[in-house]
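# Per-entry structural report
What follows is the residue order along each chain.
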There are 2 protein chains.
Amino acid sequence: MSPANVQSHQENAPAGEPSEGTATLAEIARAAGVSAPTVSKVLNGRADVAPGTRSKVEELLLLHGYRRRRGSTTQSQLIDLVFHELDSAWAMEVVRGVENVAREEGLSLVLSESAGRLTPGQTWVDGVLARRPVGVILVLSDLTAAQRAQLTSRSIPYAVVDPAGDPGDDIPSVGTTNWQGGLAATRHLTALGHRRIGVISGPSRMMCSRARVDGYRAAMETAGLPIDPALVREGEFQHEAGYTAGLELLRQADRPTAIFAGNDLQALGVYEAARELGLRIPEDLSVVGFDDLPLTRWIGPPLTTVRQPLIEMAETAARLVVDLGRGRQPATTRVDLATNLVVRSSTAAPGR
Amino acid sequence: MSPANVQSHQENAPAGEPSEGTATLAEIARAAGVSAPTVSKVLNGRADVAPGTRSKVEELLLLHGYRRRRGSTTQSQLIDLVFHELDSAWAMEVVRGVENVAREEGLSLVLSESAGRLTPGQTWVDGVLARRPVGVILVLSDLTAAQRAQLTSRSIPYAVVDPAGDPGDDIPSVGTTNWQGGLAATRHLTALGHRRIGVISGPSRMMCSRARVDGYRAAMETAGLPIDPALVREGEFQHEAGYTAGLELLRQADRPTAIFAGNDLQALGVYEAARELGLRIPEDLSVVGFDDLPLTRWIGPPLTTVRQPLIEMAETAARLVVDLGRGRQPATTRVDLATNLVVRSSTAAPGR
C-alpha cells in the first residue's frame, strides 16, 4: 500500500464514518484482488482507477449486494436534481419545490440537465458518487439498471418527479392524477353544455398523455356523448403543436365548440389558432389547459386549466429522498398528488 | 496536536494541494494562538470551531491579506449560482446559461436562493467554503464586505449577473445595455408616429429601471416630443404593477397611444388593462416590453420587446468565474451585452 493510498483512504473514511456494510469492503477487495483503498475509490467515483479494475469491483459490489452503511458524516450537504431538459416551462416550478425542502433541511441543490438524453451520462453518475449527496431527484429522466445499482450500493436514494406518469415498478416516485384531471376538464365542458369537444393529446409515448385523454373519453361516455375521431389530435407538449392541431380542429366544417388541450403551452397554441381564424374565446370557443403555469393567469382571457401541483410534487419527492437518505423508511414510496380544476375566463356555454 | 486534528488536517490538505499563500497558514495560526489545523478548519467553513476563535482567525486572514493558493486539486467540480429569488420569470434563462457552461466544463451546478433576502446568509457562505466551488455566480444578490473577504481569502472567485445594472466598483459582473434598450423601444414608437407615449418604470431602486426610462427620455427629446409627467408611472417588475399603471395611464382623457413597459410581465399587465377598457392592441394601443421571455411569442398579439440576452449574460458570467477560478485573468471583468429590439405584432402606427 503506497503512502498516497493511505492518505486517500483516510480522506475517504474520516473519523465518524461508520464501517462499511454486510459484505465488507475488505471482502470485496480480496475477491477483486485489489486493495481496500481501491474499492473505496471506486465507491467514491474517482477517476484514478483502471477501467478494468473498476468494472470488476462494480460487478462484485452488485454480486455481493454490497451496501455502504449510511452515516450522516459520510454525506455531503447536497441534494441532486436532474432534468431531462431544462427548457420546459414548468421546470422552474420543480426547482422551487426542491429548493424549498433543501433550504429547510440545510442542503444545497445540485442541478443537472441530461442534455436532451433520457438517461444521464456516466460522467454525471461519477459526479454523484464523488460528491455523495443525501439523495437524487430525477425529472423525466431515467437511470439504467447499472446506474441504479451503483447508487444503491452507495446507499444514495433516488426518486422520480414523474409528470410522465410511468415510473418503474420499484422506483420511488411522485406523480399526479392525470386521468382525474382529464375527467374534470371534460366534465366542466359538458356541464357548460358543450357536445362537440376536441382534445389534443400530448405525445402518446408518455403515459400522462394517455391518462388525460382516457379521462376525456370517460367524461364523454358518461355524459352520453359520442367520441368523434376527427376531434382527437396528438402532438408534442409545445405551443407549436397546439397551434397546428388547433387549426386542424377549427377548420373543420363541423368544428368543436370547445378544446381540451394536453397542457397549457398547447392551449396557448390553440389561442393563436383561434385568433387567426377570427374566433373569440370563450364566446366562439372554450379552451381548457393542463398544468396551471403562472402565465395562464396573465394571458387574455385567463385560461381555465387543470392544476398539476408541480411545486408540491417536487417537495414531496425531495422529502421522500431526504427521509430515505437519513434512514427513515417512508410509509409509501409511490405517491400521486391530486389535480384540481381552476376555472378562469376561457370557458363558457357554447354560443350557438 | 490531537490525533483527530492530524486526521482533519490530512483530509483538508490531500496530496497535490499546493502550500498556502504568502502569509502562511502557520503564521496565521501562530498570530491567532491556535493550531494550523484549526485555521484550516476555518478556511473550510467547518462548524467545529468555537465562534470566538473563528472570528479571530477571520480577522487575521483579512489583516494579513491571506490568499489560499489555487490549485485544481483543491477545488470541487462545482459552480455555485445564487438567486435573490427564484420566482422571477427569467430565472430559468439564467439557470440554462450557467448550466450550458457548467456542462462544457464538466462542472455541476449548485443552485441556492437567498429566500428573498438581498444578501445570502452565513449558512450559505459556510456551505461555499466547505464545498469549495470553482466559483460563485450571484444574481441580483449582494454579498457583505465580510462575505466578499471570506471568498477572496479562499481564492473563490465570484461574479454578478446583473440585470439591475448597479454592480459594485470592483465586482466582476455582466449586465446589459438598458439605456440603449429604452432608447430603441421608444424610437421604434416615435418612428411609427406615436407622440403621446406612456412609460412604466421598474422600481427606481434598481439602476436598470432608471437606465431604461432615461433611454425613453432621450428618444422623446431627440424626437422633439415633450415628456408629460402624467405619462410616467413606476411599479414592481410584475404583472400586477403593469395592470395598475396601465389602467391609470389608459383612463386619462388624453390617453397615450403607446406604452413602453418596464419589462414583459408589466407589458402583460398592460394587455389586461387594455382588454378591460376595450382597447385593441395594436389598433388602439401599441405596447413594447423588455426582456423577451419565451412567453412573449405566444401571447395575443405577440409582443414587441427589447431582448435582454439573459442566457448569454449568464454564460458570460459563468465563463468569467471559471477563468478566474482556473487562474486565467480575463481581459475585462465588467461586461455589458447588447440588447436588441424584437418587433412583433403589438406595435403599429397610431390609429387616430
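What you see is a predicted model, and the numbers here were worked out from it, not measured in a lab.

## Some points on the overall build of chain A
What chain A contains, in helices and strands, is twelve helices and twelve strands. Within chain A, buried positions represent 59% of all 352 residues. Restricting the contact set of chain A to residue pairs at least 6 apart, pairs at least 24 apart contribute 75%. Approximately 13,700 Å² of chain A is accessible, and the part contributed by carbon and sulfur atoms is 52%.

## Quick look at the sheet that holds strand E9 (residues 286–291) of chain B
Residue and element names in this part refer to chain B. An order of E7-E6-E8-E9-E10-E12 is seen for the six strands of this open sheet, with the pairing classed as mixed. Edge positions in the open sheet fall to strand E7 (232–234) and strand E12 (340–342), since each of these has one partner strand only. Ignoring strand direction, the axes of neighbouring strands in this sheet form an average angle of 20°. Sheet analysis places strand E10 (residues 304–307) next to E12, joined by three bridges and oriented antiparallel. Counterpart to Arg307 in the pairing with E12 is Asn340. Packing against the sheet, helix H8 (residues 178–191) makes contact with strand E6 (197–201), strand E8 (258–260), E9, E10 and E12, and its axis sits at approximately 165° to E9.

## With respect to the nonpolar core
Core analysis: the largest hydrophobic core is formed by 106 residues, its most contacted members being Leu81 and Val95 of chain A together with Leu81 and Val95 of chain B. Beyond its immediate stretch of four places on either side in the chain, Leu81 of chain B contacts Val94, Val95, Val98, Leu109, Val110, Leu111, Ser112, Ile137 and Val139 of chain B.

## A look at the pattern of salt bridges
Per the stated rule, a full pass over the model turns up 39 salt bridges over all chains. Residue Glu58 of chain A is joined to Arg154 of chain A by a salt bridge in which the shortest nitrogen-to-oxygen separation is 2.8 Å. Pair noted here: Glu58 of chain A is in helix H4 (residues 51–63) and Arg154 of chain A is in the loop between helix H7 (145–153) and strand E4 (158–161), with a separation of 96 residues, a long-range link. As far as burial versus exposure is concerned, Glu58 of chain A and Arg154 of chain A are alike and both buried. Close ionic contact of Glu236 of chain B with Arg205 of chain B constitutes a salt bridge, the shortest N to O distance being 3.2 Å. Taken as a pair, Glu236 of chain B in the loop between E7 and helix H10 (239–250) and Arg205 of chain B in the loop between E6 and helix H9 (207–222) lie far apart in primary sequence, 31 residues in all.

## Points about unusual backbone geometry
With an omega of -10°, the peptide bond running from Gly300 of chain A to Pro301 of chain A counts as cis. Summarising the element assignment, Pro301 of chain A is placed in the loop between strand E9 (286–291) and strand E10 (304–307). In this model, Ser155 of chain B sits at a positive phi of 55°, which is unusual for a non-glycine residue. Looking at the element boundaries, Ser155 of chain B is found in the loop between helix H7 (145–153) and strand E4 (158–161). Owing to a relative accessible area of 15%, Ser155 of chain B belongs among the buried residues under this scheme. Of note in the backbone geometry, Asp291 of chain B takes a positive phi value of approximately 130° without being a glycine. As for its position among the elements, Asp291 of chain B is in strand E9.

## So, the packing of helix H2 (residues 25–32) of chain B against helix H3 (residues 36–43) of chain B
All names here are of chain B. The N-to-C vectors of H2 and H3 enclose an angle of 105°; their axes lie 8 Å apart at closest approach. One way to sum up the angle between H2 and H3 is to call them roughly perpendicular. Where H2 approaches H3, its residues Leu25, Ile28 and Ala29 are matched on the opposing element by Ala36, Val39, Ser40 and Leu43. For the contact of H2 with H3, the class distribution of residues is six nonpolar, one polar and no charged.

## What about the environment of Leu247 of chain B?
All names here are of chain B. Mapped onto the elements, Leu247 comes out in helix H10. Each C-alpha atom, one on Leu247 and one on Tyr271, is 10.0 Å from the other, the two residues being 24 residues apart in sequence. Residues within four places of Leu247 in sequence aside, it is in contact with Ala273, Glu276 and Leu277.

## Points about the packing of helix H5 (residues 91–104) of chain B against helix H12 (residues 310–325) of chain B
Residues and elements named next belong to chain B. The geometry of H5 relative to H12 is characterised by a closest axis approach of 7 Å and an angle of 40° between their N-to-C directions. Comparing the axis directions of H5 and H12 gives the class oblique. H5 and H12 meet at a crossing whose hand is right-handed. Seen from H5, the contacting residues are Glu93, Val94, Arg96, Gly97, Val98, Asn100, Val101 and Glu104; seen from H12, they are Leu310, Ile311, Ala314, Glu315, Ala318, Arg319 and Val322. In terms of residue class, the contact of H5 with H12 is built from eight nonpolar, two polar and five charged.

Thresholds, definitions, all that
Residues numbered from 1 in each chain as written. Chains lettered and ligands numbered in written order. Predicted model: local features only at pLDDT ≥ 70, side-chain atom pairs only at ≥ 80, totals over all residues. Heavy atoms only, no water. Helix = DSSP H or I, 4+ residues; strand = E, 2+ residues; numbered from the N terminus. Buried < 20%, exposed > 50% of the residue type's maximum accessible area, 1.4 Å probe, protein only. Contact = heavy atoms within 4.5 Å. Areas by Shrake-Rupley, 256 points an atom, 1.4 Å probe, with all protein chains shown as cover. Pairing = 2+ DSSP bridges. Axes fitted to C-alpha atoms, helices over the stretch in contact; angles between N-to-C directions. Core = buried A, V, L, I, M, F, W, Y, C linked by side-chain atoms within 4.5 Å. Salt bridge = Lys/Arg side-chain N within 4 Å of Asp/Glu carboxyl O. Parallel < 35°, antiparallel > 145°, perpendicular 65-115°, else oblique. Nonpolar A, V, L, I, M, F, W, Y, C, P; charged D, E, K, R; others polar. Left-handed = near helix turned anticlockwise from the far one by under 90°.

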